[in-house]
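Structural description and commentary
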Amino acid sequence: MNVVFAVKQYVSKMIEDSGPGMKVLLMDKETTGIVSMVYTQSEILQKEVYLFERIDSQNREIMKHLKAICFLRPTKENVDYLIQELRRPKYSIYFIYFSNVISKSDVKSLAEADEQEVVAEVQEFYGDYIAVNPHLFSLNILGCCQGRNWDPAQLSRTTQGLTALLLSLKKCPMIRYQLSSESAKRLAECVKQVITKEYELFEFRRTEVPPLLLILDRCDDAITPLLNQWTYQAMVHELLGINNNRIDLSRVPGISKDLREVVLSAENDEFYANNMYLNFAEIGSNIKTLMEDFQKKKPKEQQKLESIADMKAFVENYPQFKKMSGTVSKHVTVVGELSRLVSERNLLEVSEVEQELACQNDHSSALQNVKRLLRNPKVTECDAARLVMLYALHYERHSSNSLPGLVMDLRNRGVSEKYRKLVSAVVEYGGKRVRGSDLFSPKDAVAITKQFLKGLKGVENVYTQHQPFLHETLDHLIKGKLKENLYPYLGPSTLRDRPQDIVVFIIGGVTYEEALTAYNLNRTTPGVRIVLGGTAVHNTKSFLEEVLASGLHGRSKESSQVTARSASRR
């Protein structure tokens, strides 16, 4: 169950099937991103693909000496572009691959357009999602719901992405969904419809324990995407933003031209692969070791080149040396910028209070700490607002709730109206009325004992004590204890055994902290393989955009209380 490997295999097969000779890879906006996540341009060049073009590009040259490999999403727009292309072909022969199921009528239209008989084959290769890490995928959709209901276009795209993922992993799963979310039930039904309609595609070799698809809703845990992160990959996304493995460093003071945009990909960067899940303190010392290794190798490379053998050795080692030099300068720059932002924004102190709001239950201490940070001029507008959001979510129904006072404090320190409104919007998005679970107080004797013992022991790391709610959900699922009255099966059949192959999908987006949870469970639970995905991979900024896009603008206190009384829980 490795999504990077699954998409990579599809791309390799496309290129191999077209045979020897010079090729052009013709893609659309989305498939360009899908391919770039699993292959570098230089890797594809080695496979005789010398040109990369977009199907919607108007001024492509005629190059009859090239074979065309077309990898496209099966949209009406792309089919129309292909029909135009086939009527006036620019390349000698076309190998067409759609990233999802294509209708028979569309295939017929393409056949009719192919008057010059340049199409060698048309196939479906189900790489219709962004493979982020081996166990993490995304659909890069921001704003999937309107209020509590799906945006129809995004529901269709999500259904396609999720069914393509199942086909690429060769899984025909049983489906469970979060009962408190109408969107989760709707998506579960849509996926089931596709599996039923395309039953021939889903006829895979039966396994002893059937795979399981679990569909969840971001509304159930609005805390996780609001927290500052301290592991490398998550921290880079939170503070700098990762977009299809690319990081924009153009705003870094004094940045050199060649480092304005860097790529962080575990597939092609050994240091990143080994460090992406480690915490910031460890990264610092590992960067130091990387630098020392580089320094040791450097003088040897610059010895006098006196003999042919010296020159030969230098040329042989030079690509490795250059690659290492690039890796060193890239990571030193990224870690340096993270470090600068941590001190400039006072993030150690901010994060400590965030963790207290997420994990402890001491209201008066939390309130004092939030008020203290709101008075600190180093704390940014966004960090001030997120502290108040976390307070609002945790102490929503506390008898001494002081939210109006904190919102006034935000106003007094000049925080924009957009952020002040977002405080109530976040509560409406993921507050107590919406959640199917209890995020903050332990539910049974075992959980209460665990929390008590954790309190006695103290916390190993005050900045990473929070665990996403997903951890508890998956832990219960793996042990066969996930309650069916909260997460029912779609359809009559249920799993008798504990699940082994699990695909989890979060509507409204997933976070790198949750990806770390899945990674750790995969590592520590023999026989269990978890793949996690979401409509997007969020940091705080994109999560707040998701909340805004859903149209849940904070209502006044009176109207939200009326709603709370009249709303009936499903």
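From a predicted model like this one, the values you see are computed outputs, not experimental measurements. (Residues numbered from 1 in each chain as written. Predicted model: local features only at pLDDT ≥ 70, side-chain atom pairs only at ≥ 80, totals over all residues. Heavy atoms only, no water.)

What follows covers the overall build of the protein. From N to C terminus, the protein includes 21 helices and 18 strands. Evaluated residue by residue, the protein yields a buried proportion of 50% over its 570 residues. Considering only contacts within the protein whose residues lie at least 6 apart along the sequence, 82% involve residues at least 24 apart. About 27,700 Å² of surface is accessible on the protein, with carbon and sulfur atoms providing 51% of the total. (Helix = DSSP H or I, 4+ residues; strand = E, 2+ residues; numbered from the N terminus. Buried < 20%, exposed > 50% of the residue type's maximum accessible area, 1.4 Å probe, protein only. Contact = heavy atoms within 4.5 Å. Areas by Shrake-Rupley, 256 points an atom, 1.4 Å probe, with all protein chains shown as cover.)

All chains considered together, the criterion is met by 28 salt bridges. Between Arg-157 and Asp-128 there is a salt bridge whose closest N-O contact spans 3.4 Å. Of the two residues, Arg-157 sits in helix α6 (residues 152-168) while Asp-128 sits in the loop between β5 (119-124) and β6 (130-133), which places them 29 residues apart along the sequence. Both residues of the pair, Arg-157 and Asp-128, count as buried. Overlapping salt bridges bring together Glu-238, Arg-345, Glu-354, Asp-383 and Arg-386 as one network. (Salt bridge = Lys/Arg side-chain N within 4 Å of Asp/Glu carboxyl O.)

A word on unusual backbone geometry. Positive phi, close to 70 degrees, is recorded for Glu-48, a residue that is not glycine. Following the sequence through the fold, Glu-48 ends up in the loop between α3 (41-45) and β2 (49-54). Here Glu-48 falls in the partly exposed class, since its relative accessible area comes to 28%. In this structure, Asn-244 is a non-glycine residue whose phi angle is positive, near 50 degrees. Tracing the sequence through the fold places Asn-244 in the loop between β12 (242-243) and β13 (246-248).

Here we take up helix α2 (residues 29-36). Among all positions in α2, only Thr-31, Gly-33, Ile-34 and Val-35 are buried. On its buried face, α2 is in contact with α1 (3-17), β1 (23-27), α3, β3 (67-72) and β6. The N-cap of α2, judged by a side-chain oxygen 2.9 Å from the amide nitrogen of Glu-30 a few residues on, is Asp-28. (Polar contact = N/O pair within 3.5 Å; in protein donor to acceptor, adjacent residues only side chain to side chain.)

The six strands lie next to each other as β6-β7-β17-β15-β11-β10, forming an open sheet whose pairing is mixed. The two strands at the open ends of the sheet, each matched to only one other strand, are β6 and β10 (174-177). Adjacent strand axes in the sheet meet at a mean angle of 25 degrees, parallel and antiparallel pairs treated alike. Relative to strand β11 (residues 212-217), β10 runs parallel, the two sharing four bridges. Paired with Arg-176 across the strands is Leu-214, a residue of β11. Each of β7 (136-138), β11 and β15 (501-507) touches α6; the most contacted strand, β15, lies at about 165 degrees to it. Across the sheet, helix α7 (residues 182-197) is in contact with β10, β11 and β15; its angle to β10 comes to roughly 165 degrees. (Pairing = 2+ DSSP bridges. Axes fitted to C-alpha atoms, helices over the stretch in contact; angles between N-to-C directions.)

What follows covers empty space enclosed by the protein. Using the criterion set out here, one finds two cavities of 30 Å³ or more in the structure. In this structure, the largest cavity spans a volume of roughly 100 Å³. If you trace the largest cavity, you find it lined by Gln-178, Leu-216, Asp-217, Arg-218, Asp-220, Asp-221, Phe-469, Leu-470, Thr-473, Tyr-487, Ile-506 and Glu-514. Those elements giving two or more residues to the lining of the largest cavity turn out to be β11 and α18 (469-478). Ranked by residue count, the leading element in the lining of the largest cavity is α18, at three residues. Considering only enclosed or pocket space, the second largest cavity measures out at about 60 Å³ in volume. Lining of the second largest cavity is provided by Thr-224, Pro-225, Leu-227, Gln-229, Ala-234, His-237, Glu-238, Thr-511, Tyr-512, Glu-513, His-538 and Asn-539. (1 Å grid on protein atoms, 1.4 Å probe; cavity = no way out; pocket = protein on both sides within 12 Å on 5 of 7 lines; lining within 4 Å. Points joined across faces, edges and corners; volume = space filled by probe spheres on them.)

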